[in-house]
Amino acid sequence: MDRVNDASAVRFVELFGPIYEHSPWIAQRARAHGPFADMDAMLAAMRHELDRATEAEKMALIRAHPELAQRMGVDPTLTSASAAEQASAGLDRLTPEEFTTFRALNDAYAAKFGIPFIICVRRSDKEGILNGMRTRLENTPEAEQQAALCEINKIAALRLADVLARLEQEP
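What counts as what
Residues numbered from 1 in each chain as written. Predicted model: local features only at pLDDT ≥ 70, side-chain atom pairs only at ≥ 80, totals over all residues. Heavy atoms only, no water. Helix = DSSP H or I, 4+ residues; strand = E, 2+ residues; numbered from the N terminus. Buried < 20%, exposed > 50% of the residue type's maximum accessible area, 1.4 Å probe, protein only. Phe/Tyr/Trp six-rings, centres within 6.5 Å; stacked < 30°, edge-to-face > 60°. Polar contact = N/O pair within 3.5 Å; in protein donor to acceptor, adjacent residues only side chain to side chain. Core = buried A, V, L, I, M, F, W, Y, C linked by side-chain atoms within 4.5 Å. Salt bridge = Lys/Arg side-chain N within 4 Å of Asp/Glu carboxyl O. Axes fitted to C-alpha atoms, helices over the stretch in contact; angles between N-to-C directions. Parallel < 35°, antiparallel > 145°, perpendicular 65-115°, else oblique. Contact = heavy atoms within 4.5 Å. Nonpolar A, V, L, I, M, F, W, Y, C, P; charged D, E, K, R; others polar. Arc of directions from axis to C-beta.

S.K.: Got a minute to help me understand unusual backbone geometry in this structure?
M.R.: Where the residue is not glycine, phi is negative for most of them; where a peptide bond is considered, it is trans in most cases. The omega torsion of the bond from Gly-34 to Pro-35 falls at 0 degrees, within 30 degrees of zero and hence cis. Positionally, Pro-35 belongs in the loop between α3 (25-30) and α4 (39-51). Positive phi values are uncommon outside glycine, yet His-22 reaches one of about 50 degrees. Residue position: His-22 is located in the loop between α2 (9-16) and α3. On the accessibility criterion, His-22 (46% relative accessible area) is partly exposed.

S.K.: How should I be thinking about the packing of aromatic side chains in this particular structure?
M.R.: When we look at a pair of aromatic rings, we describe it by the centre distance and by the angle of the planes. Counted under the stated rule, the structure contains 4 aromatic pairs. Consider the rings of Phe-12 and Phe-16, whose centres lie 4.9 Å apart with planes at 55 degrees: the pair is tilted. Residue Phe-12 and its partner Phe-16 are located together in helix α2, separated by 4 residues, close to a single helical turn. Overall, Phe-16 belongs to the buried group, its relative accessible area being 1%.

S.K.: Explain the side chain of Gln-145 to me, please; I cannot follow it from the model alone.
M.R.: Checked against the element boundaries, Gln-145 lands in helix α9 (residues 141-169). For Gln-145, the side chain forms a polar contact with the side chain of Glu-55, separated by 3.0 Å.

S.K.: Would you explain the nonpolar core in this entry?
M.R.: Nonpolar side chains tend to gather and get buried jointly when the protein is soluble and globular. Counting 51 residues, the largest nonpolar core has Phe-16, Tyr-20, Met-46 and Ile-129 as the members making the most contacts within it. Broken down by secondary-structure element, the contributors of at least two residues to this core are α2, α3, α4, α5 (55-64), α7 (96-113), α8 (126-136) and α9. Residue contributions to this core peak at 10 residues, all from α9.

S.K.: Which parts of the structure should I look at to understand the pattern of salt bridges?
M.R.: Pairing between side chains of opposite charge can happen when the charged atoms of each approach one another. As enumerated under the stated definition, the model contains 12 salt bridges in all. One salt bridge connects Glu-170 with Arg-3, and the closest N-O pair in it is separated by 3.9 Å. In this pair, Glu-170 sits in the segment after α9 while Arg-3 sits in helix α1 (residues 2-6), placing the two residues 167 residues apart along the sequence. A salt bridge links Arg-29 to Glu-57, with the nearest nitrogen and oxygen atoms 2.5 Å apart. Here Arg-29, found in helix α3, pairs with Glu-57, found in helix α5; they are 28 residues apart in sequence, far enough to count as distant. A single salt-bridge network, built from bridges that share partners, covers Glu-67, Arg-103 and Asp-107.

S.K.: Could you clarify how one ought to interpret the packing of α2 against α9 in this entry?
M.R.: Each pair of packed helices can be described by the angle between their axes along with the distance between the axes. Here α2 crosses α9 at 120 degrees, and the two axes come no closer than 10 Å. When the axes of α2 and α9 are compared, the pair comes out oblique. Only Leu-160, Val-163, Leu-164 and Leu-167 of α9 make contact with α2, whose side of the interface consists of Arg-11, Leu-15 and Phe-16. A per-class count over the contact of α2 with α9 returns 6 nonpolar, no polar and 1 charged.

S.K.: Would you mind going over the environment of Glu-168 with me for this structure?
M.R.: Along the chain, the position of Glu-168 falls in helix α9. Separated by 24 residues in the primary sequence, Glu-168 and Glu-144 place their C-alpha atoms 36 Å from one another.

S.K.: Which parts of the structure should I look at to understand α8?
M.R.: One full turn of an α-helix is made of 3.6 residues, so residues set three or four places apart face in the same direction. Within the span of α8, buried status applies to Ile-129, Leu-130, Gly-132, Met-133 and Arg-136. Viewed end-on, α8 has its buried residues packed into an arc of 160 degrees, placing them on one side of the element. The inward-facing, buried residues of α8 contact α7 and α9.

Written out as structure tokens, the structure reads:
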């Protein structure tokens, strides 16, 4: 954690800004809680900053996430992390029937909630994601916002672990 704690503000945001999709403000604010004893302390600081964010900031973060199972090349805002995560769950290799099912569920979800469906795809597979979409369509908008933020924090934890592991490998 010495490298993390010794990083300049610019370097810190460069490294950890992408942890939360298109929302470097979380890393910027979390840095003030350092020095960090370990990854858990750093993640707690990031979650704290998300918890205390305004409703508009939270909704912007949720809306910054890509729709799942887009055809590759369709979404120019898809980050490399999101593309890799979706590929890990097989969402880049859908059959035409699976794509049609995802499309229909994505459309129903967006129509009901006005946000993209968010799930930590690295902890799931195609069937689990589809089941999650079907189940969460029954949520209220308030419950779904909380579910989305919970999933975003799961994604962030995995991304943070990845960044820290890469830092350990650097000379």
